[in-house]
Amino acid sequence: MLGPAFGYALASFSVNMFVSPTLTSTITKADPRWIGAWWFGWFFLGIVLFFFASLISLFPRQLPRAAERRRLAALKRKEEKSPDDLTEDNRPASFEDMKITLKRLFSNKIFMMNNYASIFYFFGFTPYWIFTPKYMESQYQQTASDSNLYTGSVAFAFTAIGILTSGFVVSRYKPSARKMAAWNCIVGAITTLGYLSYTQIGCAANDNAVVMNENPLDGTLTSCNSDCHCDYVKYAPVCGEDKHTYISACHAGCAGQIDIGTNATGKLFTNCSCIASLANGTLEGGFGGTATPGACPVDCKREFHMFLIVMCILKLLGSTGMATNFLITIRCIAEKDKTISLGISFTITSLFAFIPSPIVFGAIMDSTCILWGKTCSGTGNCWRYDGPSLRYFLNTVTSLSIAIAVIFDLIVWYLVKDLVVFDEKDEIKDTEQEKKKPNA
């Protein structure tokens, strides 16, 4: 888990710098148009990978001890059996043998039910591994740098704690397969409720922060800025003196501009036909107010901290099921099939979870976009999402996917009643032998 944690930390550091370090940016990091140095991470990791690849290339084709073990094993087989006396374990691999192995695995109910559960778990979890920074940005007005930092440090720290804790408990107390499967069901049920709770953790101030000033059906502008020709104006939010955020100075109907500084944040947009003019904190009764670059500040700290608390709890609990789920998977398979079973599990989850999940949830996010950038050839990036729609749609689909996984976990719980995870006879035998040893 240290790899993703380091990756998110590196991403946070990278996007904190402007995409062209030699240039001075005219916008701040809080501006949604900010583009960080996304390339720096690849450049840094490329150097590190080249260094370790150079060391790996120095290794021999076979390590000496491994080669010696293979030589002794071959001699032993040659002494004990003739070449014509081949058993199933040392028979050369063939396509027919692979068919028999696959049939044996696919008829293993515990193995398949556990894989079905993993598919739906990963299908629901994948968007949060990928889109969590974007979710934090759109829901709680966090910067890209802060979002990556929280995702990498806080979330993965609790995941690592959960894995280590569950590993210690399992190795210390050696629970039965039934108890492990039951714990997986409990964790899945709590996780489902946790993701459902995300639908209620929203920032109303951020949801209603931007005044669109255009018809969402056809993109036509309202009367206050209909003469400004803002169709292809990029998203450049401004904060009006009425404390509302507008898509751009053009969308706010601003006709004038005053430079009061050396950079973009030192500008003052004047005579804005869509912004109410205020005097002494009260409405004068007309329009033509002023605006400053950047979105109006929104206080979402309370909601964001609640989101982080729930996320950390879910990461901690969810990771405790990794060890128990892995043990059930490898114990329900014969020794000779363990290697290929892991490969099949990874293939199944890739085909039905890791590949389609980003596509499906990416389409869900696109469907909740209320402000698309426009280009000469079509649609550009999404600048603004409908907060409530994204929150409800994304988390409801995720919760449904995890709930289906819990159903398969319940089936696994029923099927593993006779599965032996730890060999109790050997443990009793070892304990008795330890008692018989004379004291030093």
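As the structure is a prediction and not an experimental result, all values here were calculated from the model.

Visitor: I'm lost on the pairing of strand β8 (residues 378-385) in this one. Help?
Guide: Both faces of the sheet carry side chains from a regular strand, because those side chains alternate between them. Two strands pair when backbone bridges link them, and strand β7 (residues 369-375) and β8 are joined in this way by five bridges, in the antiparallel orientation. Along β8, the bridge assignment pairs W372 with C382. Between the end of β7 and the start of β8, which pair antiparallel, lie two residues.

Visitor: Help me out: how do you make sense of the packing of helix α7 (residues 177-197) against helix α9 (residues 301-331) in this one?
Guide: Axis angle and axis distance: for two packed helices, these are the angle between their axes and the distance between the axes, and together they describe the pair. With their axes 9 Å apart at the nearest point, α7 and α9 run at an angle of 155 degrees to one another. With respect to α9, the axis of α7 lies roughly antiparallel. The handedness of the crossing between α7 and α9 is left-handed. Facing A177, M180, A181, W183, N184, V187, I190, T191, G194, Y195 and S197 of α7, the residues of α9 in contact are V310, L314, L317, G318, T320, G321, T324, N325, L327 and I328. Classifying every residue of the contact of α7 with α9 gives 12 nonpolar, nine polar and no charged.

Visitor: Before we go on, may I ask you to explain helix α5 (residues 109-140) in this structure?
Guide: Spacing of three or four residues puts side chains on the same side of an α-helix, whose turn is 3.6 residues. The terminal C-alpha atoms of α5 lie 44 Å apart, and with 32 residues this matches the ideal 46 Å at 1.5 Å per residue to within 8%. Of all bends in α5, the biggest is about 70 degrees, found at F131, and the proline P133 comes one to four residues later. Regarding α5, its N-cap is N108, as a side-chain oxygen of that residue lies 3.3 Å from the backbone nitrogen of I110 further along. Directly after α5, the chain includes Q141, whose backbone phi takes a positive value near 55 degrees.

Visitor: Got a minute to help me understand unusual backbone geometry in this structure?
Guide: Glycine aside, a negative phi is what most residues show, and trans is what most peptide bonds show. In this structure, Q141 is a non-glycine residue whose phi angle is positive, near 55 degrees. For Q141, the location among the structural elements is in the loop between α5 and α6 (144-173). The phi dihedral of K174 is positive, around 50 degrees, even though this residue is not glycine. Note that K174 resides in the loop between α6 and α7. Residue classification places K174 among the partly exposed positions, given a relative accessible area of 36%.

Visitor: Mind showing me how you'd approach the pattern of salt bridges here?
Guide: For side chains bearing opposite charge, pairing can occur when the charged atoms are close. For the coordinates displayed, the defined rule picks out four salt bridges. Note that E68 is salt-bridged to R71, the shortest N-O span being 2.6 Å. Here E68 pairs with R71, and both are found in helix α3 (residues 64-80), just three residues apart, close to one helical turn. For E68, a relative accessible area of 35% corresponds to the partly exposed category. Residue classification places R71 among the partly exposed residues on the basis of a relative accessible area of 43%.

Visitor: Sorry, what's going on with the state of the cysteines here?
Guide: Joining two cysteines, a disulfide is a covalent bond between their sulfur atoms. Enumeration according to the criterion identifies four disulfides in this entry. Each sulfur in the disulfide pair C203 and C300 lies 2.0 Å from the other. What sets the handedness of the C203 and C300 disulfide is the S-S torsion sign, and at about -80 degrees it is left-handed. Pair noted here: C203 is in the loop between α7 and α8 (204-207) and C300 is in the loop between β6 (282-293) and α9, with a separation of 97 residues, a long-range link. Looking at C203, the relative accessible area reads 2%, which means it is buried. Bridging C254 to C272, the disulfide has an S-S length of 2.0 Å. Negative torsions about the S-S bond denote left-handed disulfides, and the value of about 100 degrees found for C254 with C272 makes this one right-handed. With a gap of 18 residues between them, C254 in strand β4 (residues 254-259) and C272 in strand β5 (residues 267-279) connect regions that are remote in the sequence.

Reading guide: rules and limits
- Residues numbered from 1 in each chain as written.
- Predicted model: local features only at pLDDT ≥ 70, side-chain atom pairs only at ≥ 80, totals over all residues.
- Heavy atoms only, no water.
- Pairing = 2+ DSSP bridges.
- Helix = DSSP H or I, 4+ residues; strand = E, 2+ residues; numbered from the N terminus.
- Axes fitted to C-alpha atoms, helices over the stretch in contact; angles between N-to-C directions.
- Parallel < 35°, antiparallel > 145°, perpendicular 65-115°, else oblique.
- Left-handed = near helix turned anticlockwise from the far one by under 90°.
- Contact = heavy atoms within 4.5 Å.
- Nonpolar A, V, L, I, M, F, W, Y, C, P; charged D, E, K, R; others polar.
- Expected span 1.5 Å × (residues − 1).
- Bend = angle between axes of the 7 residues up to and from the residue.
- Polar contact = N/O pair within 3.5 Å; in protein donor to acceptor, adjacent residues only side chain to side chain.
- Buried < 20%, exposed > 50% of the residue type's maximum accessible area, 1.4 Å probe, protein only.
- Salt bridge = Lys/Arg side-chain N within 4 Å of Asp/Glu carboxyl O.
- Disulfide = S-S within 2.5 Å.

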